[in-house]
Amino acid sequence: MIFEQILVGLMQNFCYIIGDEGSKDAAVVDPGWETGKILEVAKRHDLNIKAIFLTHAHPDHANGVKAIADAANAIVYIHEKELNEIKKREINKIKTIKDNDEISIGRIKVKVIHTPGHTPGSVCYLLNNKIITGDTLFVESIGRVDLPGGDARIMAESLKKLKKLDDRIKVYPGHDYGSKPNSTIGYEKKHNYHMRGN
Ligand SMILES: [Fe+2]
């Protein structure tokens, strides 16, 4: 599997590229900024972008969605609760997702985990031993719950779901806000105040 973490824009956003080496099919996660740079990375690996996965609809994660969707003729995936915000971006092909859905990128299986709290339609994407956590879980911290649609109590329930995952699963957040760009569920359970306890 090809997996790239790309720092984009001025808000320390992380975009991701997931690629299947066999079929060369790929997905881009959260193309918030610098779409030229994202397309360049895909090209370097000779990948065809088939899908764009959004962790939620906030502009710093979704600004570049139309540019990439149009350039690659890709399908945009968004949780059903945030469909309307993405519709405004005049995307041709949108698919809504919900908890436990599975999406295939070549031979790679990606599972959707609905983790509301930062926004009502926030999701994490679980693939093999990795989870892309958007603005739900950062290294050593979590996403804001005080913005419109945010809810601290619902966030606590979502974090409980993430705590149940295997400690060895690698955590890839939506922003570079911690002491390192990625960690593991086990690391977060030790070093992230919000992930302590049961
Ligand atoms: Fe956000």
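The sections below set out a description of the structure shown in this document. (Residues numbered from 1 in each chain as written. Predicted model: local features only at pLDDT ≥ 70, side-chain atom pairs only at ≥ 80, totals over all residues. Heavy atoms only, no water.)

**Observations concerning the coordination of the iron ion**
Step number 1: At this site the iron ion is bound by H56 (NE2), H58 (ND1), H118 (NE2) and D135 (OD), with donor distances of 2.2 to 2.3 Å.
Step number 2: Seen from the iron ion, its four donor atoms lie at angles of 87 to 174°, and the figure they make is irregular.
Step number 3: One chain supplies every donor to the iron ion, and in sequence these donors are spaced H-x1-H-x59-H-x16-D. Here the residue H58 occupies a position in the loop between β4 (48–53) and α2 (59–62), and D135 occupies one in the loop between β10 (130–134) and β11 (137–138), the gap between them amounting to 77 residues.
Step number 4: Accessibility expressed as a relative area gives 18% for H58, which makes it buried.
Step number 5: Judged by its relative accessible area of 5%, D135 falls in the buried class. (Donors = N, O, S within 2.8 Å, 3.2 Å for Na, K, Ca; no water. Tetrahedral: all angles 85-135°; square planar, octahedral: opposite > 155°, others 65-115°. Helix = DSSP H or I, 4+ residues; strand = E, 2+ residues; numbered from the N terminus. Buried < 20%, exposed > 50% of the residue type's maximum accessible area, 1.4 Å probe, protein only.)

**What about unusual backbone geometry?**
Step number 1: At Q12, a position not held by glycine, the phi torsion is positive, near 55°.
Step number 2: Tracing the backbone through its elements, the reader meets Q12 in the loop between β1 (2–8) and β2 (13–19).
Step number 3: Non-glycine residue D30 carries a positive phi angle of around 55°.
Step number 4: Positionally, D30 belongs in the loop between β3 (25–29) and α1 (35–44).

**Notes on the sheet that holds strand β13 (residues 170–173)**
Step number 1: Pairing is mixed in the open sheet, where six strands are placed in the order β7-β8-β9-β10-β13-β14. Looking at which strands have only one partner, the edges of the open sheet turn out to be β7 (102–105) and β14 (183–184).
Step number 2: Two strands pair when backbone bridges link them, and β7 and strand β8 (residues 108–114) are joined in this way by four bridges, in the antiparallel orientation. In the strand pairing of β8, I103 is matched with V110. (Pairing = 2+ DSSP bridges.)

**Re the side chain of S122**
Step number 1: By secondary structure assignment, the location of S122 is in the loop between β8 and β9 (123–127).
Step number 2: Residue classification places S122 among the buried residues on the basis of a relative accessible area of 1%.
Step number 3: Beyond its immediate sequence surroundings of up to four residues, S122 is in contact with T55, H56, E82, I113, H114, T115, P116 and T136. (Contact = heavy atoms within 4.5 Å.)

**Describing the environment of E80**
Step number 1: Mapping E80 onto the fold places it in the loop between β5 (75–79) and α4 (83–87).
Step number 2: C-alpha separation for the pair E80 and S179, spaced 99 residues apart in sequence, amounts to 33 Å.
Step number 3: Setting aside its immediate chain neighbours within four residues, E80 contacts T96, I97 and K98.

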